[in-house]
Amino acid sequence: MAKIEKKNHLQVTFSKRRTGLFKKASELSTLCGVEIAIVVFSPAEKAFSFGHPNVDFIANRYLAEKTGDHHRYFATPTLENNVDGAILEMNRLLEHISNELEGQKKKMEIIEQVRKSREKNDYWWGAPIEEMNRLELEKLKESMEELKKNVMGSPLWNNYINHVYGGGLGSSRGFC
């Protein structure tokens, strides 16, 4: 693994990885019932944090244990139980919404690709025949034969032929 050199790529990667890291921390907290805090600094030196129940609570608890100053850490069992239940529910909701958001983002990417493709008229049947591969040519042939069958069998075609040629065409004219 090597450090990303381009600043814009670095920022995009950081953003995606940070989101993933915080999501994993949320999942760990929800699944295992642990208290967790994460602080990261972006390439632009901006701080981002995630904490369950919150970063301050975890930091105070950690400092209280390291320094022996238990006055920094206040938690009553009844309050903690009520808060934990609400936090677990909020974490589940956050995870559900995050998953839904990811699904919507993927749908939007697909829609954007289709829109761009339509703008460019980038369909396989719009490509020059010389650039088509064998499978595309076979598909084009099948589509053309189906189109011919649909046109030749349509009442409009028959009315046109009756009008122009007065009653129909024989096979000798080469239209069938």
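Residues numbered from 1 in each chain as written. Predicted model: local features only at pLDDT ≥ 70, side-chain atom pairs only at ≥ 80, totals over all residues. Heavy atoms only, no water.

1. Considerations on the overall build of the protein chain
- A tally of regular secondary structure across the protein chain gives 5 helices and 2 strands.
- Reading the protein chain from its N end, one meets helices and strands in the order α-β-β-α-α-α-α.
- When the 176 residues of the protein chain are sorted by exposure, 15% land in the buried category.
- At a minimum sequence separation of 6, the contacts of the protein chain that also span at least 24 residues come to 30%.
- For the protein chain, the exposed surface amounts to about 14,400 Å²; the carbon and sulfur share of it is 57%. (Helix = DSSP H or I, 4+ residues; strand = E, 2+ residues; numbered from the N terminus. Buried < 20%, exposed > 50% of the residue type's maximum accessible area, 1.4 Å probe, protein only. Contact = heavy atoms within 4.5 Å. Areas by Shrake-Rupley, 256 points an atom, 1.4 Å probe, with all protein chains shown as cover.)

2. Remarks on the pattern of salt bridges
- Overall, the coordinates contain 6 salt bridges when judged by the stated rule.
- As a salt-bridge pair, R61 and E65 come within 3.5 Å of each other at their nearest N and O atoms. Within this pair, R61 and its partner E65 are both found in helix α2 (residues 55–67), separated by 4 residues, close to a single helical turn.
- Here R134 ties to E138 by a salt bridge, and the two come within 2.8 Å at their closest N and O atoms. Of this pair, R134 and E138 both sit in helix α4 (residues 134–152), 4 residues apart, which is roughly one turn of the helix.
- Overlapping salt bridges bring together E35, R61 and E65 as one network. (Salt bridge = Lys/Arg side-chain N within 4 Å of Asp/Glu carboxyl O.)

3. Description of the side chain of N91
- With respect to the secondary-structure elements, N91 resides in helix α3 (residues 77–120).
- Contact partners of N91, with chain neighbours within four places excluded, come to S26, S29, T30 and H52.

4. Overview of the nonpolar core
- Counting residues in hydrophobic clusters, the biggest one holds 8 residues: F14, F22, A25, I36, I38, V40, F48 and F50.
- Excluding residues that lie within four positions of it along the chain, F50 makes contacts with F22, A25, S26, I36, A37, I38 and V55. (Core = buried A, V, L, I, M, F, W, Y, C linked by side-chain atoms within 4.5 Å.)

5. Examining the layout of surface pockets
- Taken as a whole, the largest pocket holds about 480 Å³ of empty space.
- Around the largest pocket, the lining is made up of 18 residues, and of these T19, G20, K23, E102 and K105 lie nearest the centre.
- Going through the elements one at a time, α1 (7–32) and α3 are the ones with two or more residues in the lining of the largest pocket.
- If you tally residues by element for the lining of the largest pocket, the top one is α3, at 9 residues. (1 Å grid on protein atoms, 1.4 Å probe; cavity = no way out; pocket = protein on both sides within 12 Å on 5 of 7 lines; lining within 4 Å. Points joined across faces, edges and corners; volume = space filled by probe spheres on them.)

6. Concerning a nonpolar patch on the surface
- On the surface, M144, L147 and V151 cluster together to form a nonpolar patch covering roughly 270 Å² of accessible area.
- Tracing the backbone through its elements, the reader meets V151 in helix α4. (Patch = residues over 30% accessible without salt bridge, like charges linked within 9 Å, V, L, I, M, F, W, Y side chains within 5 Å.)

7. Quick notes on the packing of aromatic side chains
- Taken as a whole and judged by the stated rule, the model has 2 aromatic pairs.
- Taking the centre distance of 5.9 Å and the plane angle of 55° together, the rings of F14 and F48 count as tilted. Taken as a pair, F14 in helix α1 and F48 in strand β2 (residues 47–52) lie far apart in primary sequence, 34 residues in all.
- Ring plane angle 25° and centroid distance 5.9 Å describe the contact between F22 and F50, whose orientation is recorded as stacked. Remark: F50 occurs in strand β2 and F22 occurs in helix α1; sequence separation between them is 28 residues.
- We classify F22 as buried; its relative accessible area is 14%.
- Over the ring of F48 we find R18; its NZ or CZ atom is 4.0 Å from the centre of that ring. (Phe/Tyr/Trp six-rings, centres within 6.5 Å; stacked < 30°, edge-to-face > 60°. Lys NZ or Arg CZ within 6 Å of the ring centre and 35° of its normal.)

8. Observations regarding unusual backbone geometry
- Backbone torsion omega between H52 and P53 reads 5°, so that peptide bond is classified as cis.
- Within the chain, E45 stands out as a residue other than glycine whose phi angle is a positive 65°.
- By relative accessible area, E45 is classed as exposed at 68%.

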